[in-house]
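Commentary on secondary and tertiary structure
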Amino acid sequence: MELIKDINKKVLDWLDERYDARQWIRENLTEKWVHKHINWLYCFGGLSFLGFLIQIGTGIFLMMYYIPTPKDALASVQHIANNVPFGWLFQRLHSISANVVNLLVMFHMLRVLYHGAYKKPREFQWVSGVFLLLITMAMSFSGYLLPWTQLSYWGAIIGTEMPGATPFIGEWLLQLIRGGAQITGITLTRFYAIHVVVLPLTLIVFLGLHFWMIKKVGISGPM
Amino acid sequence: MEKSIEKNSSNSKRSFLKLLFLTVMGVSFGGVIYPIIRYLSPLSQQKEGEKVEILKDEVPIGKAKFLTYKGNPAVVIHTKAGFTALSAVCTHLGCIVKWLEDKGEFQCPCHAGRFDVTGKVLSGPPPNPLLQIAVVESGAKIVIG
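What comes next concerns the included structure. (Residues numbered from 1 in each chain as written. Chains lettered and ligands numbered in written order. Predicted model: local features only at pLDDT ≥ 70, side-chain atom pairs only at ≥ 80, totals over all residues. Heavy atoms only, no water.)

Section: the overall build of chain B
When its secondary structure is counted, chain B shows two helices and 11 strands. Scored against the burial criterion, the 145 residues of chain B give a buried share of 26%. Put simply, of all contacts in chain B between residues at least 6 apart along the chain, 39% involve residues at least 24 apart. Carbon and sulfur atoms form 59% of the exposed surface of chain B, whose accessible area is close to 9,600 Å². (Helix = DSSP H or I, 4+ residues; strand = E, 2+ residues; numbered from the N terminus. Buried < 20%, exposed > 50% of the residue type's maximum accessible area, 1.4 Å probe, protein only. Contact = heavy atoms within 4.5 Å. Areas by Shrake-Rupley, 256 points an atom, 1.4 Å probe, with all protein chains shown as cover.)

Quick look at the sheet that holds strand β3 (residues 72–79) of chain B
As summarised here, the arrangement of the four strands in space is β2-β3-β4-β9 (chain B), forming an open sheet in which the pairing is antiparallel. Both outer strands of the open sheet, β2 (64–69) and β9 (132–133) of chain B, are each paired with one neighbouring strand and no more. (Pairing = 2+ DSSP bridges.)

Brief notes about the sheet that holds strand β7 (residues 114–115) of chain B
Residues and elements named next belong to chain B. Spatially, β5-β6-β7-β8 is the arrangement adopted by the four strands of the open sheet, whose pairing is antiparallel. Every interior strand has two partners, whereas the edge strands, β5 (98–100) and β8 (121–123), have only one. Where β7 meets β8, two bridges bridge the pair, whose relative direction is antiparallel. Paired with arginine 114 across the two strands is serine 123, which belongs to β8.

Description of the environment of Ala134(B)
Residue and element names in this part refer to chain B. If you trace the backbone, alanine 134 turns up in the loop between β9 and β10 (135–138). Looking at alanine 134, the relative accessible area reads 47%, which means it is partly exposed. Residues alanine 134 and glycine 145, 11 residues apart in the sequence, show an inter-C-alpha distance of 5.1 Å. Those residues within four positions of alanine 134 in sequence are excluded, and the remaining contacts are Val143, Ile144 and Gly145.

Looking at the environment of Leu113(A)
Residues and elements named next belong to chain A. Its location among the elements puts leucine 113 in helix α5 (residues 87–115). Put simply, leucine 113 and isoleucine 158 are 45 residues apart on the chain and 31 Å apart in space, counted from C-alpha to C-alpha. The contact partners of leucine 113, leaving out residues within four places of it in the chain, are Tyr118 and Trp126.

Topic: helix α4 (residues 73–82) of chain A
Those residues of α4(A) lying buried are Ala73(A), Ser76(A), Val77(A) and Ile80(A). Down the axis of α4(A), the smallest arc covering the buried residues is 100°, so these residues share one side. Buried residues along α4(A) sit against α3 (44–63), α5 and α9 (185–217) of chain A together with α2 (12–40) of chain B. (Arc of directions from axis to C-beta.)

As for the interface of chain A and chain B
In this assembly, 14 residues from chain A lie in contact with 10 residues from chain B. Summed over both sides, the interface of chain A with chain B buries roughly 1,000 Å², with 78% coming from carbon and sulfur. Linking chain A to chain B there are zero salt bridges. Counting residues per element, the ones that place at least two in the side of chain A that touches chain B are α3, α4 and α5 of chain A. With three residues, α5(A) is the largest single contributor of residues to the side of chain A that touches chain B. Here the side of chain A that touches chain B is composed, by residue class, of 11 nonpolar, three polar and no charged. (Buried area = accessible area lost by both parts, 1.4 Å probe. Salt bridge = Lys/Arg side-chain N within 4 Å of Asp/Glu carboxyl O. Nonpolar A, V, L, I, M, F, W, Y, C, P; charged D, E, K, R; others polar.)

Brief notes about the packing of aromatic side chains
All names here are of chain A. Counted under the stated rule, the structure contains 17 aromatic pairs over all chains. For the pair tryptophan 148 and tyrosine 153, a centre-to-centre distance of 6.0 Å together with 80° between the ring planes defines the contact as edge-to-face. Judged by relative accessible area, which is 24%, tyrosine 153 ranks as partly exposed. It is arginine 111 that lies over the ring of tyrosine 42; its NZ or CZ is 4.1 Å from the centre. (Phe/Tyr/Trp six-rings, centres within 6.5 Å; stacked < 30°, edge-to-face > 60°. Lys NZ or Arg CZ within 6 Å of the ring centre and 35° of its normal.)

With respect to the pattern of salt bridges
Residue and element names in this part refer to chain A. Taken as a whole and assessed by the stated rule, the structure comprises 12 salt bridges over all chains. In this structure, aspartate 6 engages lysine 10 in a salt bridge whose closest nitrogen and oxygen atoms are separated by 3.9 Å. Of this pair, aspartate 6 and lysine 10 are both found in helix α1 (residues 2–19), four residues apart, which corresponds to roughly one turn of the helix. Judged by relative accessible area, which is 40%, aspartate 6 ranks as partly exposed. Look at the salt bridges and you will find they share partners, linking Lys9, Asp13, Asp16 and Arg22 into a network.

So, the environment of Gly82(B)
Residue and element names in this part refer to chain B. Looking at where glycine 82 falls in the secondary structure, it is placed in strand β4 (residues 82–87). Residue classification places glycine 82 among the buried positions, given a relative accessible area of 14%. Spatially, the C-alpha atoms of glycine 82 and isoleucine 96 are 23 Å apart, while their sequence positions differ by 14 residues.

Points about the packing of α3(A) against α9(A)
Residue and element names in this part refer to chain A. At a minimum axis distance of 12 Å, the contact between α3 and α9 shows a crossing angle of 155°. With respect to α9, the element α3 is oriented roughly antiparallel. Viewed along their axes, α3 and α9 form a crossing whose handedness is left-handed. Packed against α3, whose contacting residues are Phe49, Phe52 and Met63, the element α9 presents Tyr192, Val196, Leu203, Ile204, Leu207 and Phe211 at the interface. Its residues placed into classes, the contact of α3 with α9 shows nine nonpolar, no polar and no charged. (Axes fitted to C-alpha atoms, helices over the stretch in contact; angles between N-to-C directions. Parallel < 35°, antiparallel > 145°, perpendicular 65-115°, else oblique. Left-handed = near helix turned anticlockwise from the far one by under 90°.)

Below is the structure:
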């Protein structure tokens, strides 16, 4: 125990000398001042972020076994769920917590609406939050196709028909999303790239903005 | 406040709670790490000393069949003299040799080492012949190992 304390102190001293570590810990963790009116309703944003971290972690694990081709997609997902040790755990965690994250994000939004926390000076927190909601939903939609099951396939057809109803550019938009007139292997790899690279990166940028603004402006006052 | 906690630090209740806390943390941490390590570990391969069986029809005369023996690449070749099984790992730097059917010899794609059907080095940098693996013919099958 003494040894651990000693090492702890030395590491902190080292960090302190260079980066004011102790001050940072005091200001952000041990002596952080929290409003009296904060209650459990304020936890949904943080929980959404926790869900996002779970999605990143389990998603990377799934990527290690998943094969994004029409021939192998379903088989590789079944392989993960049935043969890979604890594959069922990561696969279920990924798909269930995807649904949970959507719920949490919406609860978070409802809380902000209810408290009127979107008003001046937090307008752009709301705007970035709406983008985050849309990206979360796009994540769910693009991930839904990847197991290449009947549900995924028909879900993707219906989901892509909707932008197809846009006036004038609908048909072009539909074909752009599908990578052709039909849902094919091209759509699968397209959705895969969007799901694992494009959307996560965009999401991280908006999360950064969202968090930076919260830090700058502070959490909203009591009702 | 600080002082009163310090005074009780030798208290058995406090040290018990500390131990309990560390145990719970340790178990939770292990519960997360264990599935991750199992998930990332390669699926169990053939056990040591396990034999590989293939049908004779799979390797016609003059052809070679590549397979996995004890987790490493191996090759079975069928010549007029019968079946031979060799390790397919070049003894130079570990590339996998390929079978040149028209020449009846193995060539390593990395540094052009050449081996004959018995695994003997014909030319190139490999210092040793390819490892021989025992082959037993039984009916329509051959057993390697």
